[in-house]
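As a plain string of letters, each chain reads:
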Amino acid sequence: MTKEMEIHIGPQGPQQPGPYQLFLTVDEEEIVDAEIDIGYVHKGVEKIAENRTYTGFIPLSDRVCYVDSVNNNQFYCQAIEELAGIEVSERAKYLRVLFMEMQRLISHYVWLGEWLSELGWFSFLLWGFRDREHILKLFEETIGGRLNMSTHRVGGVRKDITEDMIQNIYEEVETIEERVKEYKDILTDNSVFINRTKDVGKMSEREAKELGVVGPVIRGSGVQTDIRKLDPYAAYDQLNFDVPSYKGGDAYARTMVRLDEMLESIKIIRQVLDDLPEGDPTPPDEIPLLNINPPEGEVYTRVEAARGEFRAYLVSDGSDQPYRLKMSGPTYSNMQPLPKLLVGEYIADLYAIAGSLDFCVSEADR
Amino acid sequence: MENKKTRELMDKLEEYSIEKDKEGKIKVDKNNLKNICKTAIENEFDRLSSLTAVDYKDYMEVVYHLGSYEHKEVLVVKVKVDKEDPKVPTVSDIWSYANWYEREVWEMFGIDFKDNSDLRKLLLPEEIDGNPLRKEYPIGGRE
């Protein structure tokens, strides 16, 4: 006869990508009940959006999740452009894709390093952050920022890139590609990693759909869904890339999806640089920099951010401020099922499961 | 934009629609909401992509975006609610993950989701009164 025990973990945990609290009921080593509490970094971003001009919110959209700032710029600018019927030049579309894929690599590196260090593999933290630095340097060179890039403007991008920068990106991408392949070899060949992730946090295709997860998490359960293919935006309809998906549904499969995605991102970056159209990617003069007044109406738009589908619902009343901006990020969708996934698992696997879902708590809380 | 599936579904939902447009938006009565969700699920719109509300000063609207993992079309279902006594039926028995969305709309707009037994604060601290995303809520917070 064993006695059940209640354990509270967080909100400040050494291995958490932001504050959230878990209430676990454990029976010896096994989790029998779990409950999650978020909201520790709620900043009222949606309310703030209603009191900023349309352009004034672009830098704030970065800060919804700084690990994925360019993709956040994209959903926001895309929503305004759809609402106001603004056309974006071809070069700007390609540059947006370039920046978004570089951001995806950054995000996946942060996840790779942090998560594997949670599993006790500290070298990966150093490797992940070392490689991420390569891309951060490229961003610094091309756009000026390192974390909150604000690459986008309504109707284009903030800055054009030069021939020298293109050469630099080609070179860096070369190094990065080799390393990603190496990491994949290391992980697929390591029995400790395999034992810690195979059949851990399992989610079948049906369960994944029932739990409403998105992005690499659902692709790890064999559902090949990706907004870049399903409802292409920017220049994705002109680029050739695959959507990796694995059938395992466990932490291992989700890892492999993300590693493959990094290779796909590199493929996309090369194509963008090869076929980069001529022209001026900055917004034309007739689009006002500060006072954009989209007509009355509403738009629902989506992008495939690094963590999955980011959905935005923007309502305009014809003024220069958004009337309502609803953001449903991928972490919000992927975090809610965590308690369900934890029940029946060992407490030692807690971070193997939570980490494989790749949270950005700031984005869930907004 | 091609939206063949949405149109077919909208034809099936004709009897419930108070108002509809060509882009895939329908306005419905809250009492028909569950039937609409069930019909949508049977017709390839099996996913609740987003659930939110908008405060239009005189009234509020709860907005459901129904979609799918397999196709890109989205049906927008809107339910008008009274500002004094805002109530809609829950859909968390249909989609379990609607729970967080409903909790958020409940705390931010004060809209009650009937039969959702789990309406607790999600993002806000316990001690906050009022509903911050309502238009009358001051930007600096309450005194």
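For clarity, every value in this text was computed on a predicted model and none was experimentally measured.

1. Remarks on the interface of chain B and chain A
Each partner contributes to the interface: chain B provides 22 residues, whereas chain A provides 26 residues. Every element with two or more residues in the side of chain B that touches chain A is listed here: strand 3 (47-55) and strand 4 (59-67) of chain B. Its residues placed into classes, the side of chain B that touches chain A shows 15 nonpolar, 5 polar and 2 charged.

2. Examining the sheet that holds strand 6 (residues 297-305) of chain A
Two strands in a sheet stick together by hydrogen bonds in their backbones, pointing the same way (parallel) or opposite ways (antiparallel). All names here are of chain A. Read from one edge to the other, the open sheet built from 3 strands follows the order 6-7-8, with strand pairing classed as antiparallel. The open sheet has two edge strands with one neighbour each: strand 6 and strand 8 (324-328). The average undirected angle you get between the axes of adjacent strands in this sheet is 15°. In the packing of helix 3 (residues 69-84) onto the sheet, contacts are made with strand 6 and strand 7 (308-316), and the angle to strand 6 comes to roughly 150°.

3. What about the nonpolar core?
Val-97, Met-102 and Ala-312 of chain A together with Val-105 and Ile-111 of chain B are the most contacted members of the largest nonpolar core, which has 136 residues in total. The dominant element in this core, judged by the number of residues it contributes, is helix 4 (residues 90-118) of chain A, at 16 residues.

4. Quick look at the confidence of the model for chain B
Averaged over chain B, the pLDDT score is 84; the fraction of residues at 70 or greater is 96%. Taken over the whole predicted complex, pTM reads 0.88, whereas the ipTM for its chain interfaces reads 0.88.

5. Side note on helix 2 (residues 33-42) of chain B
Along an α-helix, a turn takes 3.6 residues, which lines up residues three or four apart on a common side. All names here are of chain B. Taken together, the buried positions of helix 2 are occupied by Leu-33, Ile-36, Cys-37 and Ala-40. Considered in projection along helix 2, the buried side chains sweep an arc of 100° and stay on one side of the axis. What points out from helix 2, more than 90 degrees from its buried face, is the exposed set Lys-38 and Glu-42. Considering only its buried residues, helix 2 is in contact with helix 1 (4-12), strand 2 (25-28), strand 4, strand 5 (75-82) and strand 6 (87-89). Of the residues one or two after helix 2, Glu-44 is the one with positive phi, at around 70°.

6. Quick word on the sheet that holds strand 3 (residues 30-37) of chain A
Residues and elements named next belong to chain A. Pairing in this open sheet of 3 strands is antiparallel, and the strands run 1-2-3 from one edge to the other. Both outer strands of the open sheet, strand 1 (4-9) and strand 3, are each paired with one neighbouring strand and no more. Each neighbouring strand pair of the sheet contributes to a mean axis angle of 20°, computed without reference to strand direction. As paired strands, strand 1 and strand 2 (residues 21-27) are joined by 6 bridges and run antiparallel to one another. Each bridged residue has a counterpart across the sheet, and for His-8 the counterpart in strand 2 is Phe-23.

7. Regarding the packing of helix 4 of chain A against helix 11 (residues 251-274) of chain A
Residue and element names in this part refer to chain A. Contact pair helix 4 / helix 11: the axes reach a minimum separation of 9 Å and the direction vectors enclose 155°. In terms of orientation, helix 4 and helix 11 fall into the roughly antiparallel class. Judged by the twist between their axes, the crossing of helix 4 over helix 11 is left-handed. Along the contact surface, helix 4 presents Tyr-94, Val-97, Leu-98, Glu-101, Met-102, Arg-104, Leu-105, His-108 and Trp-111, while helix 11 presents Arg-258, Glu-261, Met-262, Ser-265, Ile-268, Ile-269 and Val-272. By residue class, the composition of the contact of helix 4 with helix 11 is 10 nonpolar, 2 polar and 4 charged.

8. Quick look at the pairing of strand 8 of chain A
Residue and element names in this part refer to chain A. Among the 5 residues that make up strand 8, 5 are buried, leaving the element largely enclosed by the rest of the structure. Burial along strand 8 is two-sided: the residues Arg-324, Lys-326 and Ser-328 and Leu-325 and Met-327 are all buried. The sheet contact formed by strand 7 and strand 8 spans 5 bridges and is antiparallel. Bridging from a neighbouring strand, Arg-311 pairs with Ser-328 of strand 8.

What counts and how
Residues numbered from 1 in each chain as written. Chains lettered and ligands numbered in written order. Predicted model: local features only at pLDDT ≥ 70, side-chain atom pairs only at ≥ 80, totals over all residues. Contact = placed C-beta atoms within 7 Å. Helix = DSSP H or I, 4+ residues; strand = E, 2+ residues; numbered from the N terminus. Nonpolar A, V, L, I, M, F, W, Y, C, P; charged D, E, K, R; others polar. Pairing = 2+ DSSP bridges. Axes fitted to C-alpha atoms, helices over the stretch in contact; angles between N-to-C directions. Core = buried A, V, L, I, M, F, W, Y, C linked by C-beta atoms within 7 Å. Buried ≥ 20, exposed ≤ 12 C-beta atoms within 10 Å, placed from the backbone. pLDDT = per-residue confidence, 0-100. Arc of directions from axis to C-beta. Parallel < 35°, antiparallel > 145°, perpendicular 65-115°, else oblique. Left-handed = near helix turned anticlockwise from the far one by under 90°.

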